[in-house]
Amino acid sequence: DVYTRSYGLVTLVLDLHDSQSGEILARAADRRDPTRDTSSSLASVNTAMTRSDTNRLFRHWANLLRERLDSFREM
C-alpha cells in the first residue's frame, strides 16, 4: 500500500495571445494540490485516485477559463 498526505503541486500557466499581433492579451497562473482532503493525516492512495483527483483539478481550471471567457463575451 502507498500512503501520502499530498501528491505535490500542479501548476497551470496560461497565456492568451492576439492571433495577428502576437501581443499577450491575458496571462494567468494557478498552483494547487490536487490531493483529496485527508485532514493532514496519511491516507492510502492508488494510481486511479491520483489520476481522478488530477483530472478533477484540470476540469476545474477548464470550467473557470470557460466562465471567464464567457464573461468577456457578454461585455
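Visitor: Can you walk me through the overall build of the protein chain in this structure?
Guide: Along the backbone of the protein chain there are one helix and four strands. Reading the helices (α) and strands (β) of the protein chain from amino to carboxyl end gives β-β-β-β-α. Since a compact globule built from 75 residues should have a radius of gyration of about 11 Å, the 17 Å found for the protein chain marks it as more spread out than a globular shape. For the protein chain, the spread of C-alpha atoms along the principal axes amounts to about 50 × 25 × 20 Å. Long-range pairs, those at least 24 residues apart, make up 55% of the contacts in the protein chain with a sequence separation of at least 6. Counting only carbon and sulfur atoms, one obtains 51% of the accessible surface of the protein chain, whose full area is about 6,100 Å². Side-chain charges of the protein chain comprise 11 positive and 11 negative groups, with the mean position of each set lying 5 Å from the other.

Visitor: Looking at this structure, I do not really get the side chain of Thr 4. What am I missing?
Guide: Mapping Thr 4 onto the fold places it in strand β1 (residues 2-4). Residues within four places of Thr 4 in sequence aside, it is in contact with Ser 41, Leu 42, Ala 43 and Val 45.

Visitor: For this particular structure, what's the right way to read the pairing of strand β2 (residues 10-17)?
Guide: Each regular strand carries side chains that alternate between the two faces of the sheet. Where β2 lies against strand β3 (residues 24-32), eight bridges are found, and the strand directions are antiparallel. Considered in β3, the bridge of Asp 15 is made with Arg 27. Counting the residues between successive antiparallel strands, the hairpin from β2 to β3 contains six residues, one of them, Gly 22, with a positive phi of roughly 80°.

Visitor: Explanation requested: the environment of Phe 58 in the structure shown.
Guide: Among the structural elements, Phe 58 can be located in helix α1 (residues 47-73). Residue class for Phe 58 comes out partly exposed when judged on its relative accessible area of 41%. In this structure the C-alpha to C-alpha distance between Phe 58 and Ala 26, which are 32 residues apart in sequence, comes to 19 Å.

Visitor: It is not clear to me how the confidence of the model for the protein chain should be interpreted in this structure. Could you clarify?
Guide: Caution is warranted with low-pLDDT regions, since their predicted coordinates should not be read in detail. Scored by pLDDT, the protein chain has a mean of 90; 97% of the residues are at 70 or more. The element-level mean pLDDT for the protein chain is lowest in strand β4 (residues 43-45), coming to 87, with β2 highest at 94.

Visitor: In this structure, what is going on with the environment of Asp 53? I would like to understand it.
Guide: If you trace the backbone, Asp 53 turns up in helix α1. Spatially, the C-alpha atoms of Asp 53 and Tyr 7 are 9.6 Å apart, while their sequence positions differ by 46 residues. The residues contacting Asp 53, other than those within four sequence positions of it, are Tyr 7, Pro 34, Thr 35 and Arg 36. In this structure the side chain of Asp 53 is engaged in a polar contact, spanning 2.7 Å, whose partner is the side chain of Tyr 7.

Criteria and thresholds
- Residues numbered from 1 in each chain as written.
- Predicted model: local features only at pLDDT ≥ 70, side-chain atom pairs only at ≥ 80, totals over all residues.
- Heavy atoms only, no water.
- Helix = DSSP H or I, 4+ residues; strand = E, 2+ residues; numbered from the N terminus.
- Rg over C-alpha atoms; globule rule 2.2 N^0.38 Å.
- Contact = heavy atoms within 4.5 Å.
- Areas by Shrake-Rupley, 256 points an atom, 1.4 Å probe, with all protein chains shown as cover.
- Lys, Arg positive; Asp, Glu negative; His and termini not counted.
- Charge placed at Lys NZ, Arg CZ, Asp CG, Glu CD.
- Pairing = 2+ DSSP bridges.
- Buried < 20%, exposed > 50% of the residue type's maximum accessible area, 1.4 Å probe, protein only.
- pLDDT = per-residue confidence, 0-100.
- Polar contact = N/O pair within 3.5 Å; in protein donor to acceptor, adjacent residues only side chain to side chain.

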